Amino acid sequence: MKLSTLMTAGLTLFIAFAGSTDANAQGKAQAANRDEALTKIVATERAFAKFALDSAAQKGFDRYLAHDAYVFRPRAMKASEAATRAPLPANLALAWEPEWADASRAGDLGYTTGPWVSGARNNAQADPRFGQYLTIWRRQADGTYLGVLDGGVATPASATSPQKLRTLPASGYAGTPNAAKDKASLLRADNSFAAAAKTSGYSAAVKTLATPDMRLLRNGATPVVGADSVAASTNAARVTWWVPVETTVAESGDFGYTRGTYVITLPQGRQDSGDYVRIWKRDAGGAWRIGVDLLMPAR
């Protein structure tokens, strides 16, 4: 499929905002904050994509990512550093569309993920590249949102089929937020998952620590959705080492993410290393569970 065809057809996605009600929300105000946050996050993501396609990809990243945001070129680096050390090519045509969106109860932190396609602006007939992205958004003091992390993987073209937007239900957690304790508990969860994956295998660890609708993003593969499907698709993988370097939790204590480095052993003994990003949500009992797991190879 040529880039020119895909830009006009494949990425003209027919989006329906499939919001969900939150049966366990702590009051109408909190639910309204989250609904408003989801709407703003999705709108900002689409504005980001439009601006990057209409002007230049790097200009889009400069405008919609926070100065201290992290991008992967291919390893993690600050967006401000990447703009000078590893800027996106001037002739890069990059388009994307959110398929999933989620946010904390407080509405201060959320993410979008979905398909991207890239090609060359000066060669409309060139074969494009395809992938899936993940952008984490944080609310600013003025109520707008900026990306604080942007990563992704390459995928087969089939993973870029148009999909309706899905907004995930709010976390079932209703505990009292405590910034220090919430951050410490998320770090423990990430380390516990790493230990379980190393001892018993990734598949076994996922079965006990994933959300039911977990999304797995791996380079060269179509996204896998659902805890059972993720466990089945990773049965042969063995994580041998990973270390978290960043832990961030929302003001409401129900939503957060971890970022770090990994080494994983794949079938036939092949090893892969790079950076990981993991989205976490708390269940009604307060346990952290994985909502999105993204591995970005160091090559």
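Since the structure is predicted, the reported quantities are computational estimates derived from the model, not experimental observations.

A. Layout of unusual backbone geometry. Omega for the peptide link from R73 to P74 comes to -5°, which places this bond in the cis form. In this structure, P74 sits in the loop between β1 (65-72) and β2 (76-78).

B. How the structure looks around the nonpolar core. Core analysis: the largest hydrophobic core is formed by 47 residues, its most contacted members being W96, Y111, I136, V277 and I279. Here this core gets 7 residues from one element, more than from any other, and that element is helix α2 (residues 28-54). Once residues lying within four places of it in the same chain are set aside, the contact partners of I279 are Y111, L134, I136, F255, G256, Y257, R289, I290, G291 and V292. Residues F193, A227, V230 and Y262 belong to the second largest nonpolar core, which totals 25 residues.

C. How the structure looks around helix α3 (residues 57-64). Listing the buried residues of α3 in full gives A57, Q58, G60, F61 and Y64. Buried residues of α3, viewed axially, fall in a sector of 155°; they line one side.

D. Molecular detail of the layout of surface pockets. In this structure, the largest pocket encloses a volume near 730 Å³. Around the largest pocket, the lining comprises 26 residues; the ones closest to its centre are F72, W116, R129, G152 and V153. At the level of secondary structure, the elements contributing two or more residues to the lining of the largest pocket comprise β1, β3 (92-96), β5 (109-120), β6 (129-139), β7 (145-154) and β14 (288-297). Counting residues per element, the lining of the largest pocket draws most heavily on β7, which supplies 5 residues.

E. Structural context of the packing of aromatic side chains. Counting across every chain of the model gives 12 aromatic pairs. Measuring from centroid to centroid gives 4.7 Å for F48 and W96, while their planes differ by 75°, and the two rings are edge-to-face. Here the residue F48 occupies a position in helix α2, and W96 occupies one in strand β3, the gap between them amounting to 48 residues. Put simply, the rings of F48, F51, F61, Y64, W96, Y133 and W137 pair up and form one aromatic cluster. Positioned over the ring face of F61 is R73, at 5.6 Å from the centre of the ring.

F. Inspection of the confidence of the model for the chain at higher detail. Averaged over every residue, the pLDDT of the chain is 87; residues scoring 70 or more account for 87%. Under a pLDDT of 50 for its full length, residues 1-27 has, in the predicted model, 64 contacts with residues more than four places off or in other chains.

Rules used in this analysis
- Once a new chain begins, its residue numbering starts again from 1 and follows that chain's sequence as written.
- Whole-chain, interface and lining totals are the exception, using all residues; otherwise, since this is a predicted model, local features are given only for residues with pLDDT of at least 70 and side-chain atom pairs are given and counted only at 80 or more.
- Side-chain metrics rest on all non-hydrogen atoms present in the structure, leaving aside hydrogens and water.
- A helix here means a DSSP run of H or I that spans at least four residues, while a strand means a run of E at least two residues long, and both kinds are numbered starting from the N terminus.
- Residues enter a nonpolar core if they are buried and are Ala, Val, Leu, Ile, Met, Phe, Trp, Tyr or Cys, with the set joined through side-chain atoms within 4.5 Å.
- Between buried and exposed lies partly exposed: a residue is buried under 20% and exposed over 50% of the maximum accessible area for its type, with that area taken using a 1.4 Å probe on protein chains only.
- For this analysis, residues touch if any pair of their heavy atoms sits within 4.5 Å.
- By definition, the arc is the one covered by directions from the helix axis to the C-beta atoms.
- Grid spacing is 1 Å over the protein atoms alone, the probe is 1.4 Å, and a cavity is where that probe fits but cannot get out, while a pocket is an open set with protein on both sides within 12 Å along at least five of seven lines and lining residues have an atom within 4 Å of a point.
- Grid points are joined across faces, edges and corners, and a volume is the space filled by probe spheres set on the points.
- In summary, the pairing rule links any two rings of Phe, Tyr or Trp, Trp by its six-membered ring, whose centres are within 6.5 Å, and it sorts them by plane angle into stacked for under 30 degrees, edge-to-face for over 60 and tilted for everything else.
- Charge over a ring is defined by NZ of Lys or CZ of Arg lying within 6 Å of the ring centre and within 35 degrees of the ring normal.
- A residue's pLDDT is simply how confident the predictor is in it, with values from 0 to 100.

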